[in-house]
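Spelled out, the chains give:
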Amino acid sequence: MSYAATLPAPGAPDFQGAVARRCDTTGLSVCLTAERFIKFNAVAAVVFLLLGGIAAILLALTRWQAVHLLRVDWFYRILTFHGLNMLIFWILFFEVAVLYFACTVPLKSRLFSPKVAWLSFAMMLSGAVMVNVVILQGKADVLMTSYLPLLAHPLFYLGIILVAVGTLIGVFNFFATLYVAKRDRTYEGSIPLVTFGALAAAIIAVVTLLHGAIVMIPTFTYSMGWTAQPDPMWYRMIWWGLGHQSQQVNVCAMVAIWYLIANLSTGAKPVNETVCRGAFVLYILFINLASAHHLLVDPGVGATWKIWNTSYAMYLAVLASMIHGFTVPASVEVAMREKGHVKGLFGWVMSAPWRNPAFAGFVLSVLIFGFIGGITGVTLGTQQINIIAHNTLRITGHFHATVVGGTTLAFMAVTYYVIPLIFRRDFIWRGAARLQPWLFGGGILLVSLGMSFAGSLGVPRRDYDIEPAGIFGPAAHLFLGVMGVGAILAVIGLLLFVLLCVGTILFGESNAGRPMADWGTAQAQVGSRAGSLADDHWAMKGTIALTAVFLAAFAVYYFANWKALADVWPVR
Amino acid sequence: MSLAIPDRGWYRAPAGAEKLWIGLALIWCFVMSLMMPFWHFRGKQNSRGEAYAVQPAAFMARTEKFVAANKVGERDGMPIVEPAPGGEAYLAARMWSWYPILKLRQGETYRLHLSALDLNHGFSLQPLNMNFQVLPGYDHVLTLTPTSKGEFTIVCNEFCGIGHDKMIGKILVE
Ligand code: HEM
Ligand SMILES: [Cu+2]
Ligand SMILES: [Cu+2]
């Protein structure tokens with residue numbers, strides 16, 4: 001593939017003995033240790049995704065009242081299982097793989113320590129297995145949040161502590177690698193944007209995982225009978241310091257992957273390095289105490305604290321996402337226009353490499369994350385509006401657009417590069433692969449909308465059965481059905497993804513010694529007059545139109561919610 | 001390109017459309033930040049989190065006292081209790097019921113004390129869709145003014161064990 005042309009000339013560099021190889025597609029040097037642990041962590045991640053996916057369909061088919069599949073005890077058990085396997089295990093294992101990639105390959109560096117990587121991996125894996133066994137034995141029906149005074153078996157907490165500390169150790173390996181690379185001058189100047197994004201994710205991850213340790217350790221000692229019960233409100237506050245901020249880790253990792261895929265699939269480069277990096281810095285600086293989002297209708301935390309921490313000091317982390325929401329599509333648009341696709345506002349969209357599933361998945365991820373996840377998230381997380389949303393399915397609808405339609409889909413999309421480039425196998429069933437992001441993304445879109453509308457009608461989240469309440473009518477049932485249909489599509493998309501990955505790793509044709517097979521799309525840099533639009537700051541006309549529509553949609557949704565709030569009973 | 005080391009001197013101030021977008025986004029973020037304090041002072045629906053420490057047993061005792069003093073009827077063994085207009089009302093959440101049934105008057109303002117006797121519960125008033133968290137150890141006070149009449153249902157929307165979906169309460173407004 002021809003984007004190799006823009007990479008540092010291969011051949012020259014520093015293969016530290018046999019510890020690295022040269023990538024046959026990109027010419028980059030790949031540390032073999034890093035490669036091994038990227039593989040381990042990515043494979044583990046996909047296994048947990050599969051487990052979470054099986055749980056997902058069971059849950060959705062239970063909440064779809066017309067089907068109502070599971071028994072009540074198993075519903076909550078599987079809900080606990082789904083939350084942890086998806087949000088924690090799938091995401092964290094994949095993120096460790098992303099970190100190992102970002103600190104080695106782009107910096108021509110080797111991974112700091114295989115021993116540390118082993119330790120991290122072994123702790124995470126044993127913790128995750130421990131948690132899953134305890135849940136399936138029925139000894140931890142406390143849901144992912146395990147709010148005290150609900151109490152699970154001690155091994156449940158110990159397992160989570162192992163996963164958190166194991167991840168921290170992996171993050172340490174990342175920082176140590178960055179340090180060694182800098183010290184040994186494997187590169188000159190500033191780290192690449194993708195590594196910078198990963199660095200932001202890693203910094204937030206440390207803060208997040210420390211919250212996890214602070215809350216889980218006393219809960220574990222309490223479950224052992226060694227210490228007194230921590231205060232339930234304190235628990236909620238610190239737990240969400242873990243639970244919410246880890247979402248910012250996911251956002252950082254996802255955005256870094258957006259930049260990566262934009263680059264690999266269309267040759268896009270950041271429209272402005274300063275702006276893109278500045279936005280990552282905003283994430284780091286303004287995410288603290290976002291746990292407030294989950295405590296907006298809680299007792300004991302005052303309005304000032306809620307308002308201040310809701311807006312993360314003036315919403316500057318939201319600003320960061322809005323900036324990426326512009327610069328990412330703008331970079332793709334500029335790259336396409338430089339290749340001569342200049343017709344009208346959206347001519348470049350038509351000629352984009354849609355046949356590449358990484359590209360399709362990336363675009364869907366940007367759109368679902370931005371238009372659904374972002375807009376609903378900021379609105380529901382507004383201090384007073386939360387009154388008409390807290391703990392309803394609106395919340396679940398929101399985060400299935402962010403962490404599923406956004407992060408998970410981005411991770412899936414990048415896998416269409418990880419397997420050819422790291423596992424060195426070309427994908428099997430290429431037609432099915434092209435369909436996969438649409439199935440998953442489309443399904444999740446329906447899941448998210450179904451949940452959100454049902455939630456607007458008051459349907460609670462985490463609720464086995466809505467009939468006993470006796471108040472939910474046909475519309476609520478219909479939207480739960482929409483969620484159910486979406487879930488079937490999404491889970492088919494998820495299973496197809498797992499099948500494609502496993503099938504390719506086992507049976508895919510090796511591409512060692514030659515560039516990876518392309519997807520029948522124009523090669524990333526073909527015909528490009530790269531950089532010719534660098535000084536035209538208005539070239540991204542389609543993106544300007546798109547972001548204008550976005551802002552309008554945001555404002556309409558936001559104020560419609562204030563209107564809905566104004567219609568309920570006055571309360572102070 | 002985002003995978004490569006940027007050229008030296010990559011610092012560039014935002015310009016053109018990206019500058020415009022950053023400006024617009026920043027203004028929007030300010031608008032959203034200011035909406036909350038605005039609503040805090042001018043809006044009618046706020047969650048101030050007013051709360052006092054209370055032991056579950058003490059809260060139950062207060063609730064029982066409130067029920068004994070203000071009981072006006074019974075439905076399926078659950079007392080119906082009408083607090084004085086403008087007065088205090090108590091609602092205890094426990095696995096898996098809301099105790100007692102409250103009877104309120106339209107247009108009057110009440111101080112509604114919410115607390116849990118065992119686990120976290122979720123106070124979700126339907127079909128209005130107003131939601132508040134209920135914790136053991138915290139007396140969560142809502143200063144509430146019913147503005148519509150009818151029979152309202154309290155759904156528990158925080159997971160509280162196997163009977164969670166059956167934890168249903170009532171507020172009647174006349
Ligand atoms: C395959 C697609 C998926 C479907 C169909 C799906 C469906 C569901 C359903 C039906 C629920 C239960 C809602 C409730 O009753 O409250 C749920 C909860 C949840 N899901 Fe998913 N999900 C999917 C993928 C994911 C992924 C990939 C993640 C994370 C990366 C995720 C994270 C969660 C979380 C955190 C919860 C809340 C658990 C709790 O309330 O304790 N889901 N999902
Ligand atoms: Cu309850
Ligand atoms: Cu409940």
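Along each chain, residue indices are assigned from 1 in the same order as the chain's sequence is written. As they are written, the chains are lettered A onward and the ligands numbered 1 onward, keeping that order. The predicted nature of this model means local features are confined to residues of pLDDT at least 70 and side-chain atom pairs, given and counted, to a pLDDT of 80 or more, with totals for whole chains, interfaces and linings taken over all residues.

Peer 1: Just checking my understanding: could you explain the interface of chain B and chain A for this structure?
Peer 2: Frequently, the measure chosen for interface size is the accessible area removed from exposure when the parts meet. Each side of the interface is counted separately: chain B has 71 residues, and chain A has 82 residues. What counts as a helix is a DSSP run of H or I of at least four residues, what counts as a strand is a run of E of at least two, and both are numbered from the N terminus. Within the residue set of the side of chain B that touches chain A, elements represented by two or more residues are helix 1 (16–42), strand 8 (121–126), strand 9 (130–134), strand 10 (138–144) and strand 11 (150–156) of chain B. Here the element with the most residues in the side of chain B that touches chain A is helix 1 of chain B; it accounts for 17 residues. Residue polarity follows a fixed list, in which Ala, Val, Leu, Ile, Met, Phe, Trp, Tyr, Cys and Pro are nonpolar, Asp, Glu, Lys and Arg are charged, and the others, Gly among them, are polar. For the side of chain B that touches chain A, the per-class residue count stands at 38 nonpolar, 24 polar and nine charged. In this description, a residue-residue contact is defined by the distance between C-beta atoms placed from the backbone, which must lie within 7 Å.

Peer 1: Would you take a moment to explain the nonpolar core for this structure?
Peer 2: Side chains that are nonpolar tend, in soluble globular proteins, to be buried together. Residue and element names in this part refer to chain A. Of all hydrophobic cores here, the largest spans 256 residues; its most connected members are Phe93, Cys252, Ala256, Trp258 and Ile261. Annotation comment: domain bounds sourced from an automatic or database domain assignment. Counting contributing residues, this core receives three or more from each of domain 1 (14–189) and domain 2 (366–510). Excluding anything up to four places from it in sequence, tryptophan 258 contacts Val328, Phe362, Val366 and Ala410. Here, a nonpolar core denotes buried Ala, Val, Leu, Ile, Met, Phe, Trp, Tyr and Cys residues that are linked to one another through C-beta atoms within 7 Å. Backbone-placed C-beta atoms define the burial measure: a residue is buried with 20 or more other C-beta atoms within 10 Å of its own, exposed with 12 or fewer, and partly exposed in between.

Peer 1: Could you clarify how one ought to interpret the site of ligand 1 in this entry?
Peer 2: Residue and element names in this part refer to chain A. Here, nearness is defined through the C-beta atom: a residue counts as near a molecule or strand if that backbone-placed atom lies within 6 Å of it. Residues in contact with ligand 1 amount to 27 residues; listed here are only the nearest, Ala56, Gly83, Met86, Arg461 and Ala487. Mapped by element, the contributors of at least two residues to the shell around ligand 1 are helix 1 (32–63), helix 2 (72–104), helix 13 (393–423) and helix 15 (474–507). Of all the elements, helix 2 adds the most residues to the shell around ligand 1, at seven residues. Residues belonging to the shell around ligand 1 are distributed by class as follows: 17 nonpolar, seven polar and three charged.

Peer 1: How should I be thinking about the domain arrangement of chain A in this particular structure?
Peer 2: Residue and element names in this part refer to chain A. The domain boundaries assigned to chain A delineate domain 1 (14–189) and domain 2 (366–510). Put simply, the middle of domain 1 and the middle of domain 2, counted by C-alpha atoms, are 20 Å apart. If you look at the interface, domain 1 gives 26 residues, while domain 2 gives 22 residues. The element contributing the most residues to the side of domain 1 that touches domain 2 is helix 1, with 13 residues. Here the residues of the side of domain 1 that touches domain 2 sort into 20 nonpolar, three polar and three charged.

Peer 1: How should I be thinking about helix 5 (residues 193–223) of chain A in this particular structure?
Peer 2: For an α-helix, the turn length of 3.6 residues means that residues three or four places apart are oriented alike. Residue and element names in this part refer to chain A. A helix is expected to span 1.5 Å multiplied by its residue count minus one. The first and last C-alpha atoms of helix 5 sit 44 Å apart over 31 residues, in line with the 45 Å expected at 1.5 Å per residue. Taking burial as the measure, the 31 residues of helix 5 include 22 buried ones, the bulk of the element. Just downstream of helix 5 lies glycine 225, where phi reads positive at about 85°.

Peer 1: Would you explain the sheet that holds strand 3 (residues 78–81) of chain B in this entry?
Peer 2: For sheets, the rule is that strands pair by backbone hydrogen bonds, running either parallel or antiparallel. All names here are of chain B. Only strands joined by at least two bridges in the DSSP assignment are considered to pair. The seven strands lie next to each other as 2-3-6-12-11-8-9, forming an open sheet whose pairing is mixed. Of all the strands in the sheet, the pair left with one neighbour each is strand 2 (71–75) and strand 9. The sheet shows a mean angle of 25° between the axes of neighbouring strands, direction not considered. As paired elements, strand 2 and strand 3 share four bridges and run antiparallel to each other. What sits directly across from lysine 71, in strand 3, is valine 81. Whenever a helix is involved, its axis is fitted only over the stretch in contact; in every case the axis is a line through C-alpha atoms, and angles between N-to-C directions fall within 0 to 180 degrees.

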